[in-house]
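Listed here are the chains, written in short residue letters.
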Amino acid sequence: MKHRISRRSLVFAIAALGSGLGGAVGAQPGTLAQPKERIILTVGGQIGVRNQGTQAVFDLAMLDALPQHTFTTQTPWDDKPVTFRGPRLRDVLAAVRAQGRQLRATALNDYRIVIPMEDAQRFDVVVATRKNGELMPVRDKGPLFIVYPFDSDPALKDKRYYERSIWQLKTIDVE
């Protein structure tokens, strides 16, 4: 699978390296900023960067400060293609220096699913913060939704990847 980076993403990545990712990463290398708003994602387990005890916590601004990616895909839950936007799962994991073989993702309703770490590297999975350009309320699968780009690879149109696309995401434990 060929990965292409847009000029905008490249410029953002270069600028982010010089500016500490605009708020996601702290001023010191290998640190994570403190959330200023409501925490919407907690990452724990085998991570090397923490900002709250043994965990790394993110507010929306911190996730928005990571490089953003957008794709449109048909999901099994929508009757027409949907556009999702957010940081790639691999970028969130890199921000906390995740080291493990799998991710145990949990939703607000306590739905749990195990996602192989390999998925984050192999596919351009996003932690979507927006659906069709709008923030996602809890009643519409928000505020966070791990989404695979189903239309990018026929192999992704499979029950196992649909099950790994967890909405109302609240925590990721790296194992």
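Heads up: these notes are all about the structure in this document. Keep in mind that this is a model prediction, so the values were computed, not measured. (Residues numbered from 1 in each chain as written. Predicted model: local features only at pLDDT ≥ 70, side-chain atom pairs only at ≥ 80, totals over all residues. Heavy atoms only, no water.)

Bringing the sheet that holds strand β2 (residues 56–59) into the picture now. Pairing in this open sheet of five strands is mixed, and the strands run β2-β1-β11-β5-β6 from one edge to the other. Of all the strands in the sheet, just β2 and β6 (112–116) have a single pairing partner and so form its edges. Between one strand axis and the next, the sheet turns by 20° as a mean value, whatever way the strands run. Here strand β5 (residues 102–107) pairs with β6 via five bridges, running antiparallel. Bridge assignment links glutamine 102 to a residue of β6, and that residue is proline 116. (Pairing = 2+ DSSP bridges. Helix = DSSP H or I, 4+ residues; strand = E, 2+ residues; numbered from the N terminus. Axes fitted to C-alpha atoms, helices over the stretch in contact; angles between N-to-C directions.)

The geometry of two aromatic rings is summed up by the distance between their centres and the angle between their planes. All chains considered together, the criterion is met by twelve aromatic pairs. Ring geometry for phenylalanine 123 versus tyrosine 161: centroids 5.4 Å apart, planes at 75°, classification edge-to-face. Residue phenylalanine 123 is found in the loop between α4 (117–122) and β7 (126–128), and its partner tyrosine 161 is found in helix α5 (residues 159–164); the two are separated by 38 residues along the sequence. By the burial criterion, phenylalanine 123 is buried, and tyrosine 161 matches it. Between tyrosine 148 and tyrosine 161, the ring centres sit 5.4 Å apart and the planes meet at 55°, which makes this aromatic pair tilted. Of this pair, tyrosine 148 sits in the loop between β10 (145–147) and α5 while tyrosine 161 sits in helix α5, and the two are 13 residues apart along the sequence. (Phe/Tyr/Trp six-rings, centres within 6.5 Å; stacked < 30°, edge-to-face > 60°. Buried < 20%, exposed > 50% of the residue type's maximum accessible area, 1.4 Å probe, protein only.)

Another aspect to go through is the environment of proline 81. Looking at the element boundaries, proline 81 is found in the loop between β3 (68–73) and β4 (82–87). On the accessibility criterion, proline 81 (47% relative accessible area) is partly exposed. Proline 81 sits 70 residues away from aspartate 151 along the chain, and the two C-alpha atoms are 9.5 Å apart. Not counting residues up to four positions away in its chain, the partners in contact with proline 81 are Thr72, Thr73 and Gln74. (Contact = heavy atoms within 4.5 Å.)

So, about the sheet that holds strand β8 (residues 130–131). In sheet architecture, strand pairing relies on hydrogen bonds along the backbone and comes in two forms, parallel and antiparallel. With respect to topology, four strands assemble into an open sheet ordered β3-β4-β8-β9, the strand pairing being antiparallel. Of all the strands in the sheet, just β3 and β9 (134–135) have a single pairing partner and so form its edges. Relative to β4, β3 runs antiparallel, the two being bridged by six bridges. Within the sheet, the bridge partner assigned to phenylalanine 71 lies in β4 and is phenylalanine 84.

Before going further, it helps to spend a moment on the pattern of salt bridges. Counted under the stated rule, the structure contains eleven salt bridges. In this structure, glutamate 175 and arginine 104 form a salt bridge, with 2.9 Å as the shortest nitrogen-oxygen distance. Residue glutamate 175 is found in the segment after β11 (169–174), and its partner arginine 104 is found in strand β5; the two are separated by 71 residues along the sequence. According to the relative accessible area criterion, glutamate 175 is partly exposed, its value standing at 31%. Among the charged side chains, a salt-bridge network with shared partners connects Asp78, Lys131 and Asp140. (Salt bridge = Lys/Arg side-chain N within 4 Å of Asp/Glu carboxyl O.)

Another point: unusual backbone geometry. Of the consecutive residues glycine 142 and proline 143, the connecting peptide bond is found in the cis state with omega at 5°. Here proline 143 is to be found in the loop between β9 and β10. Backbone geometry places asparagine 132, a non-glycine residue, at a positive phi of 50°. Residue position: asparagine 132 is located in the loop between β8 and β9. On the basis of relative accessible area, asparagine 132 is assigned to the partly exposed category, the value being 48%. At lysine 141, a position not held by glycine, the phi torsion is positive, near 75°. Relative to the helices and strands, lysine 141 resides in the loop between β9 and β10. Overall, lysine 141 belongs to the buried group, its relative accessible area being 16%.

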